[in-house]
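Topology and contacts: notes
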Amino acid sequence: MIEDDLRAAFARHETLTPSTGPLRVAIDRLAAVRRRRRQRFQAAGVTLALLGALGVGVPQLRPDRPAEGPASSGQPAVGRSGALNVLLLGVDGFGEQPPYRLADSVLLVHVPADRSRPYLISLPRDLEVSIPGRGSEKLNSAFYSGAGEPRPDLDAGYDLTRRVVADLTGVRVDAGAVLTFAGLRRITDAVDGVEVCLPKEVRSWHTRRTFPAGCQRLDGAASIDLLRQRRYLPDGALDRDRNAQRYVAGLVRRVTAQDVLSNPVRLAALLSAPGKGLAVDDDGLSLTRLVAVLPELESVDPVGLSLPVGTPVGNASRLPLDPKQGPEFLAALREDRLAQWVAQHPEQVNPVR
């Protein structure tokens, strides 16, 4: 009897129950939005990796962090007319886990407003800079100072380096990434190797391997070995920076030739390959705008440049900014006229092929 009464009660009130249709539509809409956000999030990480050519990993957006750099340091904010500046730090952790100590590769990727071609600007690791709270130090120690110990924080190391680079160059850093060599190895193997063209023979201080002059395709392990070398090179770390630019150019050409960005299968494989070798920061830059950079470029072949520096100072071997060409170069960068500067100083271009 009780069961019959309950059934009758449910039957009388069933018509008063609101339809679940609108709720289901709202849930589906929210799920679709989140799915699109994840897709844009991953695509932005790939774009950063292709530009920096050091790896792909796990992006981390931090929109709540206040912007730093020229706008907050009293310098005029520039590069708002459409030029983009992406800061990439290469960190050699000798494996998957910390400690990560110094940022041995500091690369500023400048994409001009006219989208003609990207400029890969190496900032020497031994460049003498002012680090907040530390005074005058080498640029590569900014990451160490920010990351802290005993388990370094990639985000914090990037934040301090970003602030130092922004103050040094006078440009706003629109986006950036910290990449480990472990991620580089996997991304290189995922594209079946990268062709690197060397002007001179390079001998590995770590493995005794010899990289002959000329173009050669390197797998992930060989790429890491090459990018670590500086001891046997005539210009030491400066030559290592130039080899990093050659690797960058080779990876961009490789990914472009394989049509990775427009192939969902290859893109998925590329995204899953690197693991935790990357932390990404977009600093409020529209991810769709960042992803759209590569198709906008008239040429994907980058121009390799190095910040002009003088001779080492003191026993610490710190490199000062070149007193004449340094300020001229930075002015051209801030005013988005690197093409004119390159035309006037062709000897400063690092061949990448």
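Before reading further, recall that the structure is shown in the block above.
Residues numbered from 1 in each chain as written. Predicted model: local features only at pLDDT ≥ 70, side-chain atom pairs only at ≥ 80, totals over all residues. Heavy atoms only, no water.

Let us look at the overall build of the protein. In terms of regular secondary structure, the protein is built from 12 helices and 12 strands. Sequence-distant contacts, at least 24 apart, represent 68% of the contacts inside the protein between residues at least 6 apart. Just so you have it, the protein exposes about 17,000 Å², and 53% of that area is on carbon and sulfur atoms. (Helix = DSSP H or I, 4+ residues; strand = E, 2+ residues; numbered from the N terminus. Contact = heavy atoms within 4.5 Å. Areas by Shrake-Rupley, 256 points an atom, 1.4 Å probe, with all protein chains shown as cover.)

Turning our eyes to something else, we now look at helix α11 (residues 325-334). Among the 10 residues in α11, 7 count as buried, and that is most of the element. Of all the positions in α11, only Q325, G326, F329, L330, A331, A332 and L333 are classed as buried. Those residues of α11 hidden inside the fold are in contact with β1 (84-91), β2 (103-111), β3 (119-122), α4 (154-169), β12 (303-306) and α12 (338-344). Positive phi appears at D336, one or two residues downstream of α11, with a value of about 60 degrees. (Buried < 20%, exposed > 50% of the residue type's maximum accessible area, 1.4 Å probe, protein only.)

A word on the state of the cysteines. Scanning all chains against the criterion turns up 1 disulfide. Each sulfur of the disulfide joining C197 and C215 lies 2.0 Å from the other. Given an S-S torsion of about 105 degrees, the disulfide between C197 and C215 has right-handed geometry. A residue pair is termed long-range when its members are at least 10 positions apart, and C197 in strand β7 (residues 194-198) and C215 in strand β10 (residues 214-218) qualify at 18 residues. (Disulfide = S-S within 2.5 Å.)

This part takes up the packing of aromatic side chains. In total, this model carries 1 aromatic pair according to the counting rule given. With 5.0 Å between their ring centres and 80 degrees between their planes, F329 and W341 make a pair best called edge-to-face. Taken together, the positions of F329 in helix α11 and W341 in helix α12 put the pair 12 residues apart, joining distant regions of the chain. A relative accessible area of 1% means that F329 is categorised as buried. By relative accessible area, which is 2% here, W341 ends up buried. Above the ring of Y232, the side-chain terminus of R203 is found at 4.5 Å from the ring centroid. In this arrangement the basic side chain of R231 is found over the ring face of W205, its NZ or CZ atom lying 4.2 Å from the centre. (Phe/Tyr/Trp six-rings, centres within 6.5 Å; stacked < 30°, edge-to-face > 60°. Lys NZ or Arg CZ within 6 Å of the ring centre and 35° of its normal.)

Within the fold, R186 resides in helix α5 (residues 181-190). Residue R186 is classed as buried on the basis of its relative accessible area of 18%. Sequence spacing of R186 and A221 is 35 residues, and the spatial spacing of their C-alpha atoms is 8.8 Å.

Taken as a whole, this structure holds 10 salt bridges when the rule is applied. A salt bridge links R318 to E137; its shortest N-O distance comes to 3.8 Å. In this pair, R318 is assigned in the loop between β12 and α11 and E137 in strand β5 (residues 135-138), connecting sequence segments 181 residues apart. Accessibility expressed as a relative area gives 18% for E137, which makes it buried. A salt bridge links E328 to K324, with the shortest nitrogen-to-oxygen separation between them at 3.1 Å. Linked by salt bridges that have partners in common, E128, R134, E137 and R318 make up one network. (Salt bridge = Lys/Arg side-chain N within 4 Å of Asp/Glu carboxyl O.)

Here we come to the pairing of β5. Strand direction decides the pairing type here: strand β4 (residues 128-131) and β5, joined by 4 bridges, are antiparallel. Bridging from a neighbouring strand, E128 pairs with K138 of β5. Linking two consecutive strands that pair antiparallel, namely β4 and β5, is a turn of 3 residues; a positive phi of about 85 degrees is found at G133 within it. (Pairing = 2+ DSSP bridges.)

The subject of this paragraph is the packing of helix α6 (residues 220-228) against helix α7 (residues 237-257). The geometry of α6 relative to α7 is characterised by a closest axis approach of 8 Å and an angle of 150 degrees between their N-to-C directions. Of the possible angle classes, the one that applies to α6 and α7 is roughly antiparallel. Taken together, the residues of α7 that come into contact with α6 (itself represented by S223, L226, L227 and R228) are R240, N243, A244 and Y247. Here the residues of the contact of α6 with α7 are counted per class, giving 4 nonpolar, 2 polar and 2 charged. (Axes fitted to C-alpha atoms, helices over the stretch in contact; angles between N-to-C directions. Parallel < 35°, antiparallel > 145°, perpendicular 65-115°, else oblique. Nonpolar A, V, L, I, M, F, W, Y, C, P; charged D, E, K, R; others polar.)

Turning to α7, a few remarks are in order. For α7, which comprises 21 residues, the first-to-last C-alpha distance of 30 Å matches the rise-based estimate of 30 Å (1.5 Å per residue) to within 8%. Burial of α7 is extensive: 18 of the 21 residues sit out of reach of the surface. (Expected span 1.5 Å × (residues − 1).)

Positive phi, normally seen in glycine, also occurs at R115, with a value near 55 degrees. Its location among the elements puts R115 in the loop between β2 and β3. For R115, a relative accessible area of 9% gives the class buried.

Two numbers describe how α5 lies on α6: the axes approach to 7 Å, and their chain directions differ by 135 degrees. Viewed along their axes, α5 and α6 adopt a mutual orientation that is oblique. Of the two elements, α5 crosses α6, and the hand of that crossing is right-handed. Across the interface between the two elements, F181, L184, R185, T188 and D189 from α5 touch G220, A221, S223, I224, L227 and R228 from α6. (Left-handed = near helix turned anticlockwise from the far one by under 90°.)

Fair warning: the whole summary comes from geometry, so function is off the table for now.
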